[in-house]
Amino acid sequence: MIEDVEKGNLIYKLEVFFNSCILHGWKDSIITLQSTKAYPLWSEDLEITSRCIEAIASKVLSHPSKVSLSHSYSRRVRDDVSCNGTESQRHKPTSKGWWAEDIAELSIDLYWRTMIAVKSGGKIPSNLIGESLKIYAARWLPNISREGNGNKQAASDSDSDSTNDTLSKHRLILESIVSLLPADKGTASCSFLLKLLKAANILNASSSSKVELARRVGLQLEEATVGDLLIPSFSETNDMFYDVDLVMTILEQFMSQGQSPPTSPPRSKLGFQRRRSRSAENINLEFQERRRSSSASHVSKLKVAKLVDGYLQEIAHDVNLPLSKFIALAESIPDFSRLDHDDLYRAIDIYLKAHPDLNKSERKRLCRTLDCKRLSVEACMHAAQNELLPLRVVVQVLFFEQARAAMNGGKVTELPSDIKALLASHGIDPSRPTAPLSTTASLRAEDQWSVSGLKSPKSKISTLRMKLAEDDGLDENDLQSDGLGRSSKLKAICALPTRPKRMFSKLLSMNRNPSEKN
């Protein structure tokens, strides 16, 4: 069959057909590459596999208008939808990512080799590489959801070889996709990366793949949503519903990137020169660029702080979540990143309701991150009547709210009757303008704040005294009507004085005019 026997023999004819028809057509090259799986060794020895891959890569790197889609194969017309919900690119060869869905039909080993050849060409933008990987993952990886926990457990309990083979195949696909991710930031969406991370947890992928995904997510964490961070936990050492440790790793990566630039550009020692040198101008331009980068980083941290507080509200419902992990996650956010502490307070309130067995010391530790000065009026109203909070937090809320009102002109917004009674116990007579409450309709019904159904002032004050006694380590028998056995601090807060406290009097007097003082 070779040319030495006769000119135009079979091998020569096959070679001409392979080059002019198979390798020249886009779809024919893919179909032929797929067929090599039946005879992998022969295909490698005859270089059929490698030549098909080179032909496909060269067509991806060339302009779509120069690609012949088919010579001998008529493709089935399918009105499908891509994984991100947009119209399919199959029948639009003029678009930039026209090739992604076609090569997604390849098995993982052939797809990996083809993508390596495409990336080595250096002509395809990184974002198109990332989009191609997203399409392939949607095509071959199973759907990841919370219900995957039970499926995974059933798979682990099964001894079926087919089940183990399926898990191994999915694990190989996942780890191959991770290895193909471009190095540039933003080439894959944060949501897609977190979906891969969830799949890595379920499929028990290698630790290197998990670390790499966590690192990439940390670089663009501000793009994530709370739902994206709810990664199911499959640890055998704890019964937590979500993998909080993995989120902590992502947060550490986010916080470790970038350093704050100086607040002013470096001054030149040759300040007496009237004309700045080109190097000085370059230094100033570099400084301005660093300032813009710092501003973007600051905005990102504000977004991440909001994200973490929302995440805390979700995981706070988990009765198996240790207090130490909740506190570590809350304290991982810099203080300046939280413009207000309403979301953090809501998370703490949910955690207290889900963990009623916390002792006094644990409740104090939980509220250590909370800054009462950054609570809104609505949050203050809720906190002042929250019997689950430590007493010192309740007192701080009342004090800062009254101080804030005094600094704003001596007027206090309308408060419930029991809150007024507590303020009256300190000799304070608040005014009565009303303020509307913000809506909390987006929260669960049991997590919404309510100011209805409050106890009477007398009952509330009794509760306050009992909490004071608990906070100071006193027994109920020590609370005699004549005050014997009370500590000085207990007397100062619980007693009903006939005149305002000195500190509140000073705050109230700041806004009085001279005629009122006289």
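It should be emphasised that the depicted structure is a prediction, and the values quoted were computed from it without experimental measurement.

Engineer: Sorry if this is basic, but what is going on with a nonpolar patch on the surface here?
Structural biologist: Side chains of Y39, L41, W42 and L46 sit close together on the surface and give an oily, nonpolar patch of about 570 Å² of accessible area. Here L46 lies in the loop between helix 3 (40–45) and helix 4 (48–61). Since its relative accessible area comes to 58%, L46 is described here as exposed.

Engineer: Hey, could you run me through helix 4 in this one?
Structural biologist: Note that an α-helix has 3.6 residues per turn; residues three or four places apart therefore point the same way. With 14 residues, helix 4 should reach 20 Å at 1.5 Å per residue; the first-to-last C-alpha distance of 20 Å fits that figure. Every buried residue of helix 4 is accounted for by T49, C52, I53, A55, I56, A57, K59 and V60. Looking at the buried residues of helix 4, the elements they touch are helix 1 (10–22), helix 2 (26–35), helix 3, helix 5 (100–103) and helix 6 (108–121).

Engineer: In this structure, what is going on with the nonpolar core? I would like to understand it.
Structural biologist: Within soluble globular proteins, side chains that are nonpolar generally end up buried alongside one another. In this structure, W99, L221 and L329 are the most contacted members of the largest nonpolar core, which totals 102 residues. By residue number, the principal contributor to this core is helix 10 (residues 190–203), which donates nine residues. Taken domain by domain, this core gets at least three of its residues from each of domain 1 (1–70 + 97–124) and domain 2 (125–145 + 170–219). Excluding residues that lie within four positions of it along the chain, L221 makes contacts with C190, L229, I250, L251, F254, V304 and L307.

Engineer: I'm lost on the environment of C190 in this one. Help?
Structural biologist: Among the secondary structure elements, C190 is positioned in helix 10. For C190, a relative accessible area of 1% corresponds to the buried category. A sequence separation of 38 residues divides C190 from D228, and the C-alpha atoms of the two residues are 8.5 Å apart. For C190, the contacting residues outside a window of four places in its chain are V217, Q220, L221, E223 and A224.

Engineer: What should I look at first to understand the packing of aromatic side chains in this one?
Structural biologist: Scanning the model with the defined rule gives seven aromatic pairs in all. With 6.0 Å between their ring centres and 35° between their planes, Y136 and W140 make a pair best called tilted. Placement of both Y136 and W140 in helix 7 (residues 126–140) is noted, with a separation of four residues, approximately one turn of the helix. Consider the rings of F241 and Y242, whose centres lie 4.7 Å apart with planes at 65°: the pair is edge-to-face. The positively charged end of K373 is found above the aromatic ring belonging to F400, 5.2 Å away from the centroid.

Engineer: Looking at this structure, I do not really get the environment of I48. What am I missing?
Structural biologist: Here I48 lies in helix 4. Remark: the alpha-carbon pair of I48 and L23, spanning 25 residues in sequence, is separated by 9.9 Å. Among residues more than four places away in sequence, those in contact with I48 are F18, T32, T36 and S43.

Engineer: Help me understand the pattern of salt bridges, please; the structure alone is not making it clear to me.
Structural biologist: Opposite charge on two side chains makes pairing possible when the charged atoms of those side chains draw close. Tallied over the full model, the rule gives 15 salt bridges. As a salt-bridge pair, D245 and K325 come within 2.7 Å of each other at their nearest N and O atoms. One end of the pair, D245, is in helix 13 (residues 244–256); the other, K325, is in helix 15 (residues 323–331), and 80 residues separate them in sequence. For D371, the salt bridge identified is with K373, shortest N-O distance 3.3 Å. Each of D335, D371, K373 and R374 takes part in a single network of salt bridges with overlapping partners.

Engineer: Please explain the packing of helix 1 against helix 4 as it appears in this structure.
Structural biologist: Two quantities define a packed helix pair, namely the angle between the axes and the distance from one axis to the other. Helix 4 packs onto helix 1 with a crossing angle of 25° between their chain directions and a minimal axis gap of 11 Å. Taken together, the axes of helix 1 and helix 4 lie roughly parallel to each other. Judged by the sense of rotation from one axis to the other, the crossing of helix 1 with helix 4 is right-handed. Two secondary-structure elements touch here, helix 1 through E15, F18 and N19 and helix 4 through I48, R51 and C52. Residue classes in the contact of helix 1 with helix 4 are distributed as three nonpolar, one polar and two charged.

Calculation notes
Residues numbered from 1 in each chain as written. Predicted model: local features only at pLDDT ≥ 70, side-chain atom pairs only at ≥ 80, totals over all residues. Heavy atoms only, no water. Patch = residues over 30% accessible without salt bridge, like charges linked within 9 Å, V, L, I, M, F, W, Y side chains within 5 Å. Areas by Shrake-Rupley, 256 points an atom, 1.4 Å probe, with all protein chains shown as cover. Salt bridge = Lys/Arg side-chain N within 4 Å of Asp/Glu carboxyl O. Helix = DSSP H or I, 4+ residues; strand = E, 2+ residues; numbered from the N terminus. Buried < 20%, exposed > 50% of the residue type's maximum accessible area, 1.4 Å probe, protein only. Expected span 1.5 Å × (residues − 1). Contact = heavy atoms within 4.5 Å. Core = buried A, V, L, I, M, F, W, Y, C linked by side-chain atoms within 4.5 Å. Domains from an automatic or database assignment. Phe/Tyr/Trp six-rings, centres within 6.5 Å; stacked < 30°, edge-to-face > 60°. Lys NZ or Arg CZ within 6 Å of the ring centre and 35° of its normal. Axes fitted to C-alpha atoms, helices over the stretch in contact; angles between N-to-C directions. Parallel < 35°, antiparallel > 145°, perpendicular 65-115°, else oblique. Left-handed = near helix turned anticlockwise from the far one by under 90°. Nonpolar A, V, L, I, M, F, W, Y, C, P; charged D, E, K, R; others polar.

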